[in-house]
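Here's the letter readout for the chains.
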Amino acid sequence: MGNHPGLKRLAYVGVAVVLLVLPFIVDAVLGRTWVRIVDVALLYVMLALGLNIVVGFAGLLDLGYIAFFAVGAYSYALLASPQFDIHASFLVLLPLGAFLAAVFGVLLGAPTLRLRGDYLAIVTLGFGEIIRIFLNNLNRPVNITNGPLGITLIDPISLGEVSLSKTYALGPLSLSPVHSYYYVFLLCALVSIVISVRLEDSRIGRAWIAIREDEQAAKAMGINTRNVKLLAFAMGATFGGVAGGLFASFQGFISPESFTLLESIMVLCMVVLGGMGNVGGVVLGAALLTALPEALRYVGPLQQTWFGHVFVDPSDLRMLMFGLALVLMMLFRPAGLWPSKIRKRELATAAE
């Protein structure tokens, strides 16, 4: 295909057409619930791409990444709900959430510049839990976050009279809120992919990879490792902040329970299973790990239909299959389903 530009352009057009009609196809075949799952998958794509900058490019293990997601979500919710009765525009709130998340990324990165590996993971894990507990308890003596009750009635994304919470008729098609949000999330995910690809091939991206491979050698070559690592934390957090704001507008309700350690682990698994350092692999991992647990929900009804009794609860089976997938991946595909060329070469060299 690389030798035939016409075929390449045709493939891009085909992918674009599929993405445009995908929510209506999914709605017709699987139902509207799965359109919502596709929307959530696009949010996880943005989160995984942000974490990939920190873990995949710069090699900095971050177990508290969901904290930046929470910062973006709460910054949107507090200023677009009856909580403070401000109801600002999403055109202001999404950039604000991205900026605040980047600030928190720098605040996390600054004290951890000398840490690597397990020590960095422990510190970032603590940071994520601090943010969650802070949000959970910031309802007294002055009620700011409404504590464990969360924030409700969050404004949807709207521009003038057009609101994504409404249903619109497009000829024979009905454009429901989940369809409208799909196109907004798709646009943001595509922008995130383009930025990630451009960063990977940029001077900064190569500096991140150099730090990941050997920080001392990178420093000896003149790379300002302090600033470059802080930039990795800030850029990764920015992706999380935008995704958080979109999540808040989509759900209409958020609470601290949406930002637990398990969510951070899930996003990290998306990066690792898809292929650390490879943008395409990260997107694949995010899509698979969002869809697979939901697909396993059908195992319970199937057991009831085939055997007349549910032997294994679907919720237990989901975690069992998830753990089994992790073990098998580490044994047979340690570089991920779609690894980056550099990491694949590194593992092959280490095996020799």
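Notes on the structure in this doc start here. (Residues numbered from 1 in each chain as written. Predicted model: local features only at pLDDT ≥ 70, side-chain atom pairs only at ≥ 80, totals over all residues. Heavy atoms only, no water.)

This part covers the overall build of the protein chain. Of the regular secondary structure elements, the protein chain holds 14 helices and 4 strands. On C-alpha atoms alone, the protein chain measures out to a radius of gyration of 21 Å, which is about the 20 Å that the 2.2 N^0.38 rule sets for 352 residues. By principal-axis analysis of the C-alpha atoms, the protein chain measures approximately 60 × 55 × 50 Å. Taken across its 352 residues, the protein chain has 44% of its residues classed as buried. Nonlocal contacts in the protein chain, meaning residues at least 24 apart in sequence, comprise 73% of its contacts between residues at least 6 apart. (Helix = DSSP H or I, 4+ residues; strand = E, 2+ residues; numbered from the N terminus. Rg over C-alpha atoms; globule rule 2.2 N^0.38 Å. Buried < 20%, exposed > 50% of the residue type's maximum accessible area, 1.4 Å probe, protein only. Contact = heavy atoms within 4.5 Å.)

With that out of the way, let us pick up the packing of helix α2 (residues 32–57) against helix α9 (residues 225–251). Where α2 contacts α9, the axes come no closer than 6 Å and their chain directions differ by 165 degrees. Between α2 and α9, the angle is such that the two are roughly antiparallel. Relative to α9, the crossing made by α2 is left-handed. Contacts between α2 and α9 involve R36, D39, V40, L43, M46, L47, L49, G50, I53 and V54 on the former and, on the latter, A232, F233, M235, G236, F239, G240, A243, L246, F247, F250 and Q251. Class assignment of the residues belonging to the contact of α2 with α9 gives a composition of 15 nonpolar, 4 polar and 2 charged. (Axes fitted to C-alpha atoms, helices over the stretch in contact; angles between N-to-C directions. Parallel < 35°, antiparallel > 145°, perpendicular 65-115°, else oblique. Left-handed = near helix turned anticlockwise from the far one by under 90°. Nonpolar A, V, L, I, M, F, W, Y, C, P; charged D, E, K, R; others polar.)

Locating S75 in the fold gives a position in helix α3 (residues 66–78). By relative accessible area, which is 8% here, S75 ends up buried. Among the polar contacts listed, one links the side chain of S75 to the backbone oxygen of G72, at a separation of 2.9 Å. In this structure S75 touches L93, G97 and L100, once residues within four positions along its chain are discounted. (Polar contact = N/O pair within 3.5 Å; in protein donor to acceptor, adjacent residues only side chain to side chain.)

A separate point is the nonpolar core. Ranked by size, the top nonpolar core spans 86 residues in total, and within it Y76, W208, L246, I254 and F259 carry the most contacts. At 17 residues, α2 tops the list of elements feeding residues into this core. (Core = buried A, V, L, I, M, F, W, Y, C linked by side-chain atoms within 4.5 Å.)

Tracing the backbone through its elements, the reader meets Y182 in helix α6 (residues 177–200). Owing to a relative accessible area of 1%, Y182 belongs among the buried residues under this scheme. Between the C-alpha atoms of Y182 and M330, which are 148 residues apart in sequence, the distance is 33 Å. When sequence neighbours within four positions are dropped, the list of residues in contact with Y182 reads L19, L22, P23, V38, D39 and L42.

Here the structure, examined in full by the defined rule, presents 5 salt bridges. The residue R32 makes a salt bridge to D27 at a minimum N-O spacing of 2.9 Å. Overall, R32 belongs to the partly exposed group, its relative accessible area being 41%. E215 serves as the salt-bridge partner of R116, at 3.1 Å between the closest nitrogen and oxygen. Of this pair, R116 sits in the loop between α4 (90–109) and α5 (117–137) while E215 sits in helix α8 (residues 215–220); the two residues are 99 residues apart in sequence, bridging distant segments of the chain. The buried category is assigned to E215, whose relative accessible area is 15%. (Salt bridge = Lys/Arg side-chain N within 4 Å of Asp/Glu carboxyl O.)

Attention now moves to unusual backbone geometry. Of the consecutive residues R140 and P141, the connecting peptide bond is found in the cis state with omega at 0 degrees. Mapped onto the secondary structure, P141 falls in the loop between α5 and β1 (158–159). A positive phi angle, near 55 degrees, is found at D85, a position not held by glycine. For D85, a relative accessible area of 56% corresponds to the exposed category. Residues other than glycine seldom take positive phi values, yet H87 does so here, at roughly 60 degrees.

Before going further, it helps to examine α9. With 27 residues, α9 should cover 39 Å at 1.5 Å per step; its first-to-last C-alpha distance of 39 Å lies within 8% of that length. With 20 of its 27 residues buried, α9 lies for the most part within the structure. A positive backbone phi angle near 75 degrees is found at G252, which sits one or two residues after α9. (Expected span 1.5 Å × (residues − 1).)

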